[in-house]
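Structural characterization, general
These are the residues of each chain, in order.
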Amino acid sequence: MKLFLPKQHGAWAMLTVPFLLGMAAGGFHWLQLLLFVGWIALYLATYPLILAVKKKKVRFHLTWFLRYFTVALIFALPVLITEPALFLIALMMMPFFIINLWFGKRNKDRSLWNDFAAITAFGIGGLGSYYLGAGYIDEAAWNVFLLAVLFFYGSAFFVKTMIREKKNPAFRWISWAYHLIVVGLFLATGAWLVTLAFIPSLVRAVYLHGKQLKPMEIGILEIGNSLFFLIIVSAGFI
């Protein structure tokens with residue numbers, strides 16, 4: 001049976017990097033492996049659910065939603081029962097998931113605000129991973145969340161300037177300003193390693209603007225940049 005998978009290649013990095021960063025910062029616990037599988041399955045479940053909300057092949061998409069959601073429950077529920085505090089972290093994600101459904105129902109799921117909502121939810125996933133390793137949520141956990149969210153907000157800006165907003169000069173300047181401000185703030189605070197992790201994003205946002213790249217090429221580029229970010233930032237926590 002061929003799996004029904006999302007078409008947004010770059011979203012895989014947004015999904016996994018915060019979780020893995022939480023593992024690097026909070027430490028490893030074997031329950032993270034179960035939660036990681038459940039986390040991926042839950043993401044896979046949201047894709048057909050949003051399509052069903054759009055009234056597109058409702059029965060087909062709901063069938064796939066139930067399949068993925070069942071897998072998510074099988075792997076994630078034992079972790080949630082073992083660590084009930086994770087229910088609170090899951091509740092933190094709910095408003096952003098509702099926002100995604102709202103945009104999806106109105107066929108506005110390509111909206112930048114919808115991207116921001118999804119990225120924020122993915123960042124909260126990093127808090128869950130961190131909690132399982134460390135046993136608590138502290139400043140370092142929120143740093144994981146903040147760094148992941150800031151990084152992928154920049155990714156959303158960049159992708160928009162390369163595809164949907166490539167002919168919008170105002171959006172280009174907003175994207176460049178965002179990347180420059182983020183790098184400048186970390187540089188000003190002396191966070192050298194974090195600054196290094198964000199510099200490639202600034203360079204590619206400026207240098208690649210106007211270049212003719214296919215969506216697949218942009219997705220692969222973002223995965224590579226995300227991997228660099230993950231390695232560098234993780235080195236600062238380990």
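Notes on the structure follow. Since we're looking at a predicted model, the values are computed, not measured.

Here we come to the packing of helix α2 (residues 31–53) against helix α5 (residues 112–134). Where α2 meets α5, the closest approach of the two axes is 10 Å, and the angle between their N-to-C directions is 165°. One finds that α2 runs roughly antiparallel with respect to α5. Seen along the crossing, α2 lies across α5 with a hand that is right-handed. Judged by residue contacts, Leu31, Gln32, Leu35, Trp39 and Tyr43 of α2 engage Ala121, Phe122, Gly125, Gly128, Ser129, Leu132 and Gly133 from α5.

For Gln32, the location among the structural elements is in helix α2. A distance of 2.8 Å separates the side chain of Gln32 from the backbone nitrogen of His29, its partner in a polar contact. Contact partners of Gln32, with chain neighbours within four places excluded, come to Phe19, Met23, Gly27, Ser129, Leu132 and Gly133.

This part is about the packing of aromatic side chains. Applying the stated criterion across every chain yields a total of 19 aromatic pairs. Ring geometry for Trp39 and Phe122: centres 6.3 Å apart, planes at 90°, overall edge-to-face. Pair noted here: Trp39 is in helix α2 and Phe122 is in helix α5, with a separation of 83 residues, a long-range link. The pair Trp39 / Phe122 is uniform in exposure class, with both members buried. A ring pair is formed by Phe151 and Phe152, whose centres lie 4.9 Å apart and whose planes are at 85°; its orientation type is edge-to-face. Given the relative accessible area of 2%, Phe151 is considered buried. Against the face of Trp176 rests Arg172, its NZ or CZ located 5.3 Å from the ring centre.

Within the structure shown, the criterion is met by three salt bridges. One salt bridge connects Lys54 with Asp109, and the closest N-O pair in it is separated by 2.9 Å. Of the two residues, Lys54 sits in the loop between α2 and α3 (58–82) while Asp109 sits in the loop between α4 (85–105) and α5, which places them 55 residues apart along the sequence. Relative accessible area serves as the criterion here: at 26%, Asp109 is assigned to the partly exposed category. Here Lys160 ties to Asp115 by a salt bridge, and the two come within 2.5 Å at their closest N and O atoms.

What follows covers the nonpolar core. With 61 residues, the main nonpolar core has Leu86, Phe198 and Phe229 as its most contacted residues. In terms of nonpolar packing, the next biggest core, distinct from the first, is built from five residues, Phe158, Met162, Ala205 and Ile218 among them.

Basis of the calculations
Residues numbered from 1 in each chain as written. Predicted model: local features only at pLDDT ≥ 70, side-chain atom pairs only at ≥ 80, totals over all residues. Heavy atoms only, no water. Axes fitted to C-alpha atoms, helices over the stretch in contact; angles between N-to-C directions. Helix = DSSP H or I, 4+ residues; strand = E, 2+ residues; numbered from the N terminus. Parallel < 35°, antiparallel > 145°, perpendicular 65-115°, else oblique. Left-handed = near helix turned anticlockwise from the far one by under 90°. Contact = heavy atoms within 4.5 Å. Polar contact = N/O pair within 3.5 Å; in protein donor to acceptor, adjacent residues only side chain to side chain. Phe/Tyr/Trp six-rings, centres within 6.5 Å; stacked < 30°, edge-to-face > 60°. Buried < 20%, exposed > 50% of the residue type's maximum accessible area, 1.4 Å probe, protein only. Lys NZ or Arg CZ within 6 Å of the ring centre and 35° of its normal. Salt bridge = Lys/Arg side-chain N within 4 Å of Asp/Glu carboxyl O. Core = buried A, V, L, I, M, F, W, Y, C linked by side-chain atoms within 4.5 Å.

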